[in-house]
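Here are the chains, one letter per residue:
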Amino acid sequence: MSLNIQSSVRDALQNGFEEALSLQGEGVDPLLRKSQNPEHGDYQSNGAMGLGKKHGMNPRELAEKVIGLVDLSAIAHPLEVAGPGFINIKLKDETILEMVREMDADSGLGIAQSEDAHPVAIDLCGVNVAKQLHVGHLRSTIIGDALARMFERVGRKVYRENHLGDWGLPIAMVLERLIASGVDLDSLSLDALNDAYRDAQLGARMDSRGLQRAKERDAGPHRIIELETQNESASEAQQSAKDLLIALQQGDAKLVGEWEKLIECTMRSVFESLGLLNVKIGPEHNRGESFYREHLGGIVDEFVSGGLAVEDGGALVVRFDNRDRPMLIRKSDGGFLYATTDLAAIKFRTQTLGADQLIYVVDARQRDHFKDLFDAAALIGWDKTPDGAEVDMVHIPFGSVLGDDKKPLKTRSGSNVTLSSLLNEAIERGVAEVLKRSSDENAPTHGMDEASLHTIGRQIGIGAIKYADLSNDLVRDYVFDMDRMVAFEGNTGPYIQYAGARIRSLISKCEDDWSGAEFILGEPEERALIMQLLQYNAVFQGMLNSLEPHRLCTWLYDLTEAFNAFYQACPVLKVEDKEVKLSRVKLAHLTKRVIEDGLDVLGIESPEHM
Ligand code: ARG
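Residues numbered from 1 in each chain as written. Predicted model: local features only at pLDDT ≥ 70, side-chain atom pairs only at ≥ 80, totals over all residues. Heavy atoms only, no water.

Caption draft 1: Expanded view of the site of the ligand. In the vicinity of the ligand, the contacting residues are D123, G126, N128, H137, H163, Y338, D342, Y360, V362, Q366 and F370. Between G126 and the ligand, the recorded distance is 2.9 Å, taken from a backbone N or O atom to a nitrogen atom. Surface burial for the ligand is 94%, taken as the share of its 350 Å² of free accessible area covered by protein chains. Split into classes, the residues belonging to the shell around the ligand amount to 4 nonpolar, 5 polar and 2 charged. (Near = heavy atom within 4 Å. Polar contact = N/O pair within 3.5 Å; in protein donor to acceptor, adjacent residues only side chain to side chain. Areas by Shrake-Rupley, 256 points an atom, 1.4 Å probe, with all protein chains shown as cover. Nonpolar A, V, L, I, M, F, W, Y, C, P; charged D, E, K, R; others polar.)

If you want it as structure tokens, here you go:
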């Protein structure tokens, strides 16, 4: 029996509709859904209404005809038509039991493994050297890591690509400023580095219309600095930064050493925050802009010799058929751009790593950049791996994190909120909540030592932030509301974590051996919980195809609700019948496994006790 029962039912109905309408092989959609009302069945097909109308047939008659053609007798009770033409499908108990046994016996909980042997490259984090992490990087990191875990969960090889902004003029400007001010680079704090970055930017600021427009469109710091420095009437500071960049590019040993110190200083603080976040991102995932510096000339040559890049006022641009905006790949002074580096990265990821899926988790302001990039890569043929697989390139343009005032999140003093301050606040909230609860004598955390309580608090606080970030449609802006995020009630991370911890303590109170127990479909809530569990694979694959982690969040929340309803209606340890008792413990255990697995895919830890 396959765990993809829903898709088997769907396929059978699709065939039925196609036969009934003589549309064989047309791929009509039977609109199979989970039933709204379990009394009517487990699934319902709503396809007859639309299809009947479209093909001039009474929907009810169409539905009757379809059920005459479809044979699901091996797994379901006779199909029934209701209302204007709904088809109700109720699975046989034995079918459901067989599926849940199979899911429970599988260490992978029925999640189908991918057959694609190509790796996936996920562009995430993307911090800039000499700058503090801010909430934008927080989103890129959380979402990127969750997507990476999703792919790993189905057996794909994933490259987490941290495309650090560690090369080019912005960095040269900071380095120039630091050297000029005689700062000791060995004992540099990130704050001092950050200040130097800001000063360097201010020093180079000039009035020019292109720049103004870029700012109005909020094109992002990278692009703005590029434009700023393109201004012909460059200031003296810029000239020395340019000179410094040339020396750096030529490999001046002393400068390279100093440049490495800036990276070290930045990454030390970045990894401190990432450590709190429980993401699998370390120094081994750094492949920043500087990695591609020797590739850039060759990349441009390839475009030129392929006739894809043309001269435009001394610069080289790639033009696209369907829009005016060209893509600049070499400036008139011979310098390369952010885009050139990204082209080199696409070539590396598809042609060297052999990835057939490139995912860029970068905020929505860089939409145009990625559109140009993907189109240019297709023009030159990097939309296929060396073994001929089609490459899928996706930009996930996530929305901004907003404050109460619905404006991008700022501190009271008006500066950008740093990641570490945000994380620390979340952790403090989590710890405070745990301490409060543990003072109750009956709490499972009562009497635990400080360090353990602190660990749980961190897991809750960080879990809360991550869940809040992932549970919305990614492209939408969302309001950062710490109170709501850390609440133990509602659609929150802690609510789901709490269910897992409660189940754990429930199971630990069962003194009998339940491992060999048989699942039982007694009460409607039991059946509903099992039906929810059986959707795990379908939901997971749907999330993977759409790259929408919020689908898993919503489903886990529904699972938690289904468990709570079951627990309300079905006594577990106190029920008389021993077989029923053991079956319920077993069901609770499966639920716990799925909750923990689902949270883990989202990068959220499951505290043992709460
Ligand atoms: N460092 C860039 C920024 O902060 C983000 C990097 C995104 N990744 C990429 N491959 N362009 O704007």
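Caption draft 2: Focus on the packing of aromatic side chains. Here the structure, examined in full by the defined rule, presents 14 aromatic pairs. On the numbers, 4.9 Å between centres and 85° between planes, the contact of F291 with Y292 is edge-to-face. Plain terms: the ring middles of F370 and F374 are 5.9 Å apart, the flat faces sit at 40° to each other, and that makes the pair tilted. With F370 and F374 both in helix α14 (residues 367-380), this residue pair falls 4 residues apart, about one helical turn. A single burial state applies to F370 and to F374, both of which are buried. Taken together, the ring pairs in this structure connect F291, Y292 and F348 into an aromatic cluster. The side chain of R437 reaches across the aromatic face of F488, ending 3.9 Å from its centre. (Phe/Tyr/Trp six-rings, centres within 6.5 Å; stacked < 30°, edge-to-face > 60°. Helix = DSSP H or I, 4+ residues; strand = E, 2+ residues; numbered from the N terminus. Buried < 20%, exposed > 50% of the residue type's maximum accessible area, 1.4 Å probe, protein only. Lys NZ or Arg CZ within 6 Å of the ring centre and 35° of its normal.)

Caption draft 3: Focus on the environment of Q238. Its location among the elements puts Q238 in helix α10 (residues 236-249). Between the C-alpha atoms of Q238 and P170, which are 68 residues apart in sequence, the distance is 10.0 Å.

Caption draft 4: Spotlight on the environment of R156. With respect to the helices, strands and loops of the structure, R156 is situated in the loop between α5 (135-153) and β6 (158-161). Relative accessible area serves as the criterion here: at 8%, R156 is assigned to the buried category. The sequence separation of R156 and S114 amounts to 42 residues, and the corresponding C-alpha distance is 6.7 Å. If near-sequence neighbours (up to four positions away) are discounted, R156 is found in contact with S114, D116, H118, P119, V120, F151, D356 and Q357. (Contact = heavy atoms within 4.5 Å.)

Caption draft 5: Spatial organisation of the side chain of D356. For D356, the location among the structural elements is in the loop between α13 (338-352) and β10 (357-361). Taking relative accessible area as the criterion, D356 reaches 8% and is therefore assigned buried. At a separation of 3.5 Å, a polar atom in the side chain of D356 contacts the side chain of H118. Ignoring sequence-local partners within four residues, the contact set of D356 consists of D116, H118, P119, R156, T385, A389, E390, V391 and D392.

Caption draft 6: Inspection of the packing of helix α4 (residues 93-105) against helix α22 (residues 578-601) at higher detail. Two numbers describe how α4 lies on α22: the axes approach to 11 Å, and their chain directions differ by 55°. One way to sum up the angle between α4 and α22 is to call them oblique. α22 is crossed by α4, and the crossing has left-handed handedness. Along its contact with α4, which presents V100, M103 and D104, the element α22 presents K586, L590, R593 and V594. Per-class residue counts for the contact of α4 with α22 are 4 nonpolar, no polar and 3 charged. (Axes fitted to C-alpha atoms, helices over the stretch in contact; angles between N-to-C directions. Parallel < 35°, antiparallel > 145°, perpendicular 65-115°, else oblique. Left-handed = near helix turned anticlockwise from the far one by under 90°.)

Caption draft 7: Summary view of the pairing of β6. Note that strand β5 (residues 120-123) and β6 share 4 bridges and pair parallel. Considered in β6, the bridge of D123 is made with E161. Handedness of the β-α-β unit built from β5, α5 and β6 comes out right-handed. (Pairing = 2+ DSSP bridges. Right-handed = clockwise from strand over helix to strand, strands pointing away.)

Caption draft 8: Local environment of the state of the cysteines. Taken as a whole and assessed by the stated rule, the structure comprises 0 disulfides. Among the cysteines around C570, which has no disulfide bond, C510 carries the closest sulfur, lying 16 Å off. For C570, a relative accessible area of 0% gives the class buried. (Disulfide = S-S within 2.5 Å.)

Caption draft 9: Inspection of the pattern of salt bridges at higher detail. Under the defined criterion, the tally for this structure stands at 43 salt bridges. Here D469 makes a salt bridge to R139, at a shortest N to O gap of 3.0 Å. Placement of D469 in helix α16 (residues 450-470) and of R139 in helix α5 is noted, with a sequence separation of 330 residues between them. Judged on exposure class, the residue D469 and its partner R139 are both buried. One salt bridge in this structure joins E425 and R429, with 3.6 Å as the shortest N-O distance. (Salt bridge = Lys/Arg side-chain N within 4 Å of Asp/Glu carboxyl O.)

Caption draft 10: Looking closely at helix α11 (residues 253-277). Over its 25 residues, α11 runs 35 Å from end to end, which matches the ideal 36 Å to within 8%, given 1.5 Å per residue. Measuring from the backbone nitrogen of K254 back to the side-chain oxygen at the start of α11 gives 3.1 Å, which picks out D252 as the cap. Immediately beyond the C-terminal end of α11, within one or two residues, lies N278, with a positive phi of roughly 55°. (Expected span 1.5 Å × (residues − 1).)

So, to be careful, I would describe these as geometric facts and stop short of saying anything about function.
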